[in-house]
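# Coordinates in review
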Amino acid sequence: MLLINCPWCGARDEIEFHCGGEAHIVRPEQPDQLDDAAWADYLFMRGNPKGRYAERWVHSAGCRRWFNVIRDTTSHRILAVYKPGEPPPDLAEPSS
Amino acid sequence: MKRFSFWSVARNALSSHAHWPRQWRSPEPKPAYDVIIVGGGGHGLATAYYLAKEHGITNVAVLEKGWLGGGNTARNTTIVRSNYLWDESAALYEHSLKLWEGLSRDLNYNVMFSQRGVMNLCHTLGDVRASRRRSEANRLNGVDSEWLEPADIKRICPILNLSPSLRYPVMGATFQPRGGVARHDAVAWGFARAADACGVDIIQNCAVIGLRREGGRIVGVDTTRGAIDAKKVGVVAAGHSSVLAEMAGIRLPIQSHPLQALVSEPIKPVLHTVIMSSAIHVYLSQSDKGELVIGAGADGYNSYAQRGSFHVIEEQMAALCELFPTLGRLRMLRSWGGIVDICPDASPIIGKMPVDGLYLNGGWGTGGFKATPGSGWVFAWTIAKDAPHPINAPFTLDRFTTGALIAEHGAAAVAH
C-alpha cells in the first residue's frame, strides 16, 4: 500500500487515488499531419522501465486533481511528487 | 529420458522412490546455439519443446534468470479456457485447449489437467448481453459454451449465493465444460523434461543482460554467464518483455503490473468447477489439496516488485464473502503477486520484431497460463519458419500501427 503525498492535500492512502499511466506524453501539435506510426507511438507505445518511472496520479476521492509522481517500480518507493506543468525534478543518482 | 509408466512407478516404489534419475540435465552453456529462448517459464519451455518436436531444431538453449517456472508460471491461478470473443483469439486459445487435452500423454508427464468446467458469472444486464454475445460467438467458432440461468447455476454450484437481494445479483452465467485447471508446476517441469530429452539445453541462473546485434541482425546474447552466439533469439519474458525489447532498441505498448492471488486453508471438497466473476471481481477454484485458489484484479500502477497493494486483496475478499457467504470464516494462508505484461487490447504479441532474427512472445497480461502449449506451438513455428503461423499472424506488434486491434478486455476477465 502506497502513501502518496498529494501536492494539494498532503499525504493520503493509495485507495484515494488512481494511477493514470506514464507522465509527460504530449499530444501532437498538428495531429492532422501525423502518419500511422507516429499515431501508434503517441497512443500506444509507452516506457515501462524497471526503476524510476514518471507517472500521473489523480486524487479521485479527494481534491480530484492530477499530479505527477516519480516512483521506483522495483521498490514502489516514491521519490518525488510535483504539479502538472512542472518539469520533473532532477533527482540524484542512484534511485534506491 | 526414463519414461514414466505403471511398471516404472511400481519398480521405483520397491526402492522407496530413491533411484529416480534427474528429470533434466543442468548443462554449461555452449558457445553458440541455433536458437536461444530467453525465459524458462511455461511458454518458453513449450516453445523449446515444439521447436524440437515439430521442427527438428534441437540445438536450442532456454536461458532462465532464476529457476524453472519460478515466475508467473508458478504464480497464476491455473485456469484453462478458450471462451474468447473474436475469431483470432478463439483460434489461438482453442488451439491451445486442444493441445492441453492430449498434453499429459504427449509429454509423458501428468500435468493434472482437469476439465471441471469454467463458469463466468453475469451481474448486470450489460454483463448478460455481452456474455451471451460472447457465448454465441464461441459456438460459431467451435468453442463449447452454454448459457446458464440461475437455476442451472444452483445445480452445478450449490454454495453460490444466488439471492436476488445481492447488490449485484447473479443473473446468469456462461459455462465452458471443457475448461478447467492444470497443475502449473507440472506444466513447466513436463515441458522441461520433454525438451531436455530432445537435446535442448536448459540453463538456469543465467540472466540475459544484452542482445547483441550486427548490421540490424541479432547475433547472440550477453548473459551473467558470458556471451552466447545465436542465429535466432526468442524472447518469452512475460513481465520483463519491455526490458528485453529495450535492449534491442524496441518500444512496446506493454505495461507491467502486479497481479495478486491467494490461497485459503484446505477444506473438504465444496467446489468442483471454476467460478469467475468479472463484474464484482473474484475468481476461484479448489485445488486437489483442498485449498481455494483465489485471484484478484491487477494493481493500477506499474511494478516489477512481484507484490501489490493490500486493498486489492481486501476488495477481492469482499466479493468472495458476498458470493460465497459459507466461506466467510475461512482463513487465508498466503498471498503473492506476479508481474503481468498488459497490452492495450488485452491480447498478446507473438511474432517477428523489427530486428532480424529476434522474435517476441509477450503481452499475455493476466491470462497467459491457459495458452501455454498453444503459445509455444505457434511461437516455435514462427521461429522455425521465420514467418508466423496463420493462427498467430494477427497478433503482430504492427497491429498497433494498422489499428487492427484484438480487443479482449471482456473475455480477459481480470480487471485492468
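Residues numbered from 1 in each chain as written. Chains lettered and ligands numbered in written order. Predicted model: local features only at pLDDT ≥ 70, side-chain atom pairs only at ≥ 80, totals over all residues. Heavy atoms only, no water.

## Here's the deal with the nonpolar core
All names here are of chain B. Rule in force here: By nonpolar core we mean a set of buried residues, namely Ala, Val, Leu, Ile, Met, Phe, Trp, Tyr and Cys, connected to one another through side-chain atoms within 4.5 Å. Burial classes: relative accessible area under 20% of the type maximum marks a residue as buried, over 50% as exposed, and values in between as partly exposed (1.4 Å probe, protein chains only). In what follows, a contact means two residues having at least one pair of non-hydrogen atoms within 4.5 Å.
In terms of nonpolar packing, the biggest core is built from 51 residues, with Y50, W100 and F191 touching the most fellow members. With residues near it in sequence (within four places) discarded, W100 still touches V80, V111, F113, A182, V187, F369, K370, T372 and P373. One finds Y33, L211, L244 and L358 within the second-largest nonpolar core, a separate group that totals 32 residues.

## Focus on the interface of chain B and chain A
Convention followed: A 1.4 Å probe defines the accessible area here, and the buried area is the portion of it lost by two parts on being joined, summed over both. Criterion for a salt bridge: a side-chain nitrogen of Lys or Arg within 4 Å of a carboxyl oxygen of Asp or Glu. Throughout this description, a polar contact denotes any pair of N or O atoms lying within 3.5 Å of each other; where both atoms belong to protein, one of them has to be capable of donating a hydrogen while the other can accept it, and for residues adjacent in sequence the pair is counted only when both atoms sit in side chains. Counting from the N terminus, the helices are DSSP H or I runs at least four residues long and the strands are E runs at least two residues long. Put simply, Ala, Val, Leu, Ile, Met, Phe, Trp, Tyr, Cys and Pro go in the nonpolar bin, Asp, Glu, Lys and Arg in the charged bin, and everything else, Gly too, in the polar bin.
If you look at the interface, chain B gives 25 residues, while chain A gives 24 residues. Taking both sides of the interface into account, the surface hidden between chain B and chain A amounts to around 2,100 Å²; carbon and sulfur atoms contribute 53%. Between chain B and chain A we count 1 salt bridge in total. Ionic pairing is found between R251 of chain B and D41 of chain A, a salt bridge with its closest N-O pair at 3.6 Å. Linking chain B to chain A there are 16 residue pairs in polar contact (both at pLDDT 80 or more). Only α8 (241-247), β12 (255-264), α9 (310-323) and α11 (399-402) of chain B provide two or more residues apiece to the side of chain B that touches chain A. Its residues assigned to classes, the side of chain B that touches chain A comprises 12 nonpolar, 10 polar and 3 charged.

## Some words on the pattern of salt bridges
Residue and element names in this part refer to chain B. Under the defined criterion, the tally for this structure stands at 22 salt bridges over all chains. The salt bridge partner of R25 is D201, with a shortest N-O separation of 3.1 Å. One end of the pair, R25, is in the loop between α1 (6-14) and β1 (32-38); the other, D201, is in strand β8 (residues 201-203), with 176 residues separating them in the sequence. Since its relative accessible area comes to 36%, R25 is described here as partly exposed.

## Re the domain arrangement of chain B
Residues and elements named next belong to chain B. To keep it simple, the criterion reads: All the domain ranges listed were derived from an automatic or database domain assignment.
Examined at the domain level, chain B breaks down into domain 1 (28-78 + 184-254 + 345-402) and domain 2 (112-178 + 256-342). The centre of domain 1, based on its C-alpha atoms, is set 30 Å off from the matching centre of domain 2. The interface is formed by 17 residues belonging to domain 1 together with 17 residues belonging to domain 2. Between domain 1 and domain 2, the buried area comes to about 1,400 Å², and carbon and sulfur atoms account for 53% of it. Here domain 1 and domain 2 share 0 salt bridges between them. Across the contact surface, domain 1 and domain 2 share 8 residue pairs in polar contact (both at pLDDT 80 or more). No other element matches α8, which puts 3 residues into the side of domain 1 that touches domain 2. Grouping the amino acids of the side of domain 1 that touches domain 2 by side-chain chemistry returns 5 nonpolar, 11 polar and 1 charged.

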